[in-house]
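Structural features, examined
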Amino acid sequence: MELKILITGHFSAGKTSFIKTLTGNAVSTEVNLSEGTEKLEKSTTTVAMDYGKIELSGIKLHLFGTPGQDRFDFMLDILGRDMDGAVILVDSTDRDIPEKTEPFIDFLRKSGKPFIVACNKQDCEGALSPAEIAGLLGIPESITVPLVATDRKTTIGVIEAVISGVSSSRKAA
């Protein structure tokens, strides 16, 4: 079995790192940020997509990461075609999570595909808990999961949760 999993979320949420940590073989279209762009804690940005593949429990996963800058919003529609499920990454230290994340939740709800919200950077000072993030976003706590940046074990756990959601939705169909 092969699955297409969309990895999406706001700028600087950790999508590229997520895919690189999980697969170790990611292809990325990162470029240096242009002058005048808010640097946050990074100097590069994805301009087309990230891609990585991995096999877990006999299932081949193709991970497609979307760019985070608003000017590349059109890539969400393109990369989201024929997806089986998705992970929305949020930076748990960002206080604008609702505003930055609602477009991704709306897109995925309309698609009818299973998704989870991975609460990234849980190891950082001031991080909101997954329960707090679920409350801010008005989503069930059951679809929010903690994620520690660059921790392969928890990254695999997030992907396993998506696989479980995909499997459940296929059984219900």
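Anything mentioned here points back to the structure above.
The sections below set out a description of the structure shown in this document. Predicted, not measured: the structure shown is a model, and the values here were computed from it.

**Overview of the overall build of the protein**
Within the protein, the regular secondary structure consists of five helices and seven strands. Here the analysis covers contacts within the protein between residues at least 6 apart in sequence; of these, 71% occur between residues at least 24 apart. Accessible area for the protein stands at about 8600 Å²; split by element, carbon and sulfur atoms hold 51% of it.

**Here we look at the side chain of Thr-155**
By secondary structure assignment, the location of Thr-155 is in helix 5 (residues 152-172). A relative accessible area of 2% means that Thr-155 is categorised as buried. Dropping the residues within four chain positions of it, Thr-155 is found in contact with Phe-18, Thr-21, Leu-22 and Leu-147.

**So, the packing of helix 3 (residues 97-111) against helix 4 (residues 130-137)**
Packing of helix 3 against helix 4 brings their axes to within 10 Å, and their N-to-C directions diverge by 70 degrees. Relative to helix 4, the element helix 3 lies roughly perpendicular. In this structure, helix 3 contributes Ile-97, Pro-98, Thr-101, Glu-102 and Ile-105 to the contact, and helix 4 contributes Ile-133, Leu-136 and Leu-137.

**Here's the deal with the nonpolar core**
Membership of the largest hydrophobic core comes to 24 residues, with the highest contact counts inside it found for Ile-5, Ile-7, Phe-18, Leu-61, Val-87 and Ile-159. Element by element, the count of residues in this core is highest for helix 5, at six residues. Here Val-87 is in contact with Ile-5, Leu-6, Ile-7, Thr-8, Phe-18, Ile-116, Ala-118, Val-158, Ile-159 and Val-162, once residues within four sequence places are set aside. Counting 22 residues, the second largest nonpolar core, distinct from the first, contains Phe-104, Phe-107, Leu-108 and Ile-143.

**A word on the side chain of Thr-144**
Tracing the backbone shows Thr-144 in strand 7 (residues 144-146). From its side chain, Thr-144 meets the backbone oxygen of Pro-130 in a polar contact 3.5 Å long. Within polar-contact distance, the side chain of Thr-144 engages the backbone oxygen of Glu-141 at 2.9 Å. With sequence-adjacent residues up to four places away left out, Thr-144 is seen in contact with Val-117, Cys-119, Pro-130, Ala-134 and Ile-139.

**A closer look at the packing of aromatic side chains**
Across all of its chains, the model carries one aromatic pair by this definition. Between Tyr-51 and Phe-64, the ring centres sit 5.0 Å apart and the planes meet at 55 degrees, which makes this aromatic pair tilted. Taken together, the positions of Tyr-51 in strand 3 (residues 44-56) and Phe-64 in strand 4 (residues 59-65) put the pair 13 residues apart, joining distant regions of the chain. Directly above the aromatic system of Phe-64 lies the positively charged group of Lys-4, at a separation of 4.9 Å from the ring centroid.

**Brief notes about the pattern of salt bridges**
Considering all chains together, one arrives at two salt bridges under this definition. As a salt-bridge pair, Asp-91 and Lys-121 come within 3.2 Å of each other at their nearest N and O atoms. One end of the pair, Asp-91, is in strand 5 (residues 85-91); the other, Lys-121, is in the loop between strand 6 (115-120) and helix 4, and 30 residues separate them in sequence. In this structure Asp-91 comes out as buried when scored by relative accessible area, which is 9%. In this structure Lys-121 comes out as buried when scored by relative accessible area, which is 15%. For Asp-94, the salt bridge goes to Lys-100, with nearest N and O atoms at 2.6 Å. A residue is classified by how much of its surface remains accessible, and Lys-100, at 31% relative accessible area, is partly exposed.

Quick notes on the rules
Residues numbered from 1 in each chain as written. Predicted model: local features only at pLDDT ≥ 70, side-chain atom pairs only at ≥ 80, totals over all residues. Heavy atoms only, no water. Helix = DSSP H or I, 4+ residues; strand = E, 2+ residues; numbered from the N terminus. Contact = heavy atoms within 4.5 Å. Areas by Shrake-Rupley, 256 points an atom, 1.4 Å probe, with all protein chains shown as cover. Buried < 20%, exposed > 50% of the residue type's maximum accessible area, 1.4 Å probe, protein only. Axes fitted to C-alpha atoms, helices over the stretch in contact; angles between N-to-C directions. Parallel < 35°, antiparallel > 145°, perpendicular 65-115°, else oblique. Core = buried A, V, L, I, M, F, W, Y, C linked by side-chain atoms within 4.5 Å. Polar contact = N/O pair within 3.5 Å; in protein donor to acceptor, adjacent residues only side chain to side chain. Phe/Tyr/Trp six-rings, centres within 6.5 Å; stacked < 30°, edge-to-face > 60°. Lys NZ or Arg CZ within 6 Å of the ring centre and 35° of its normal. Salt bridge = Lys/Arg side-chain N within 4 Å of Asp/Glu carboxyl O.

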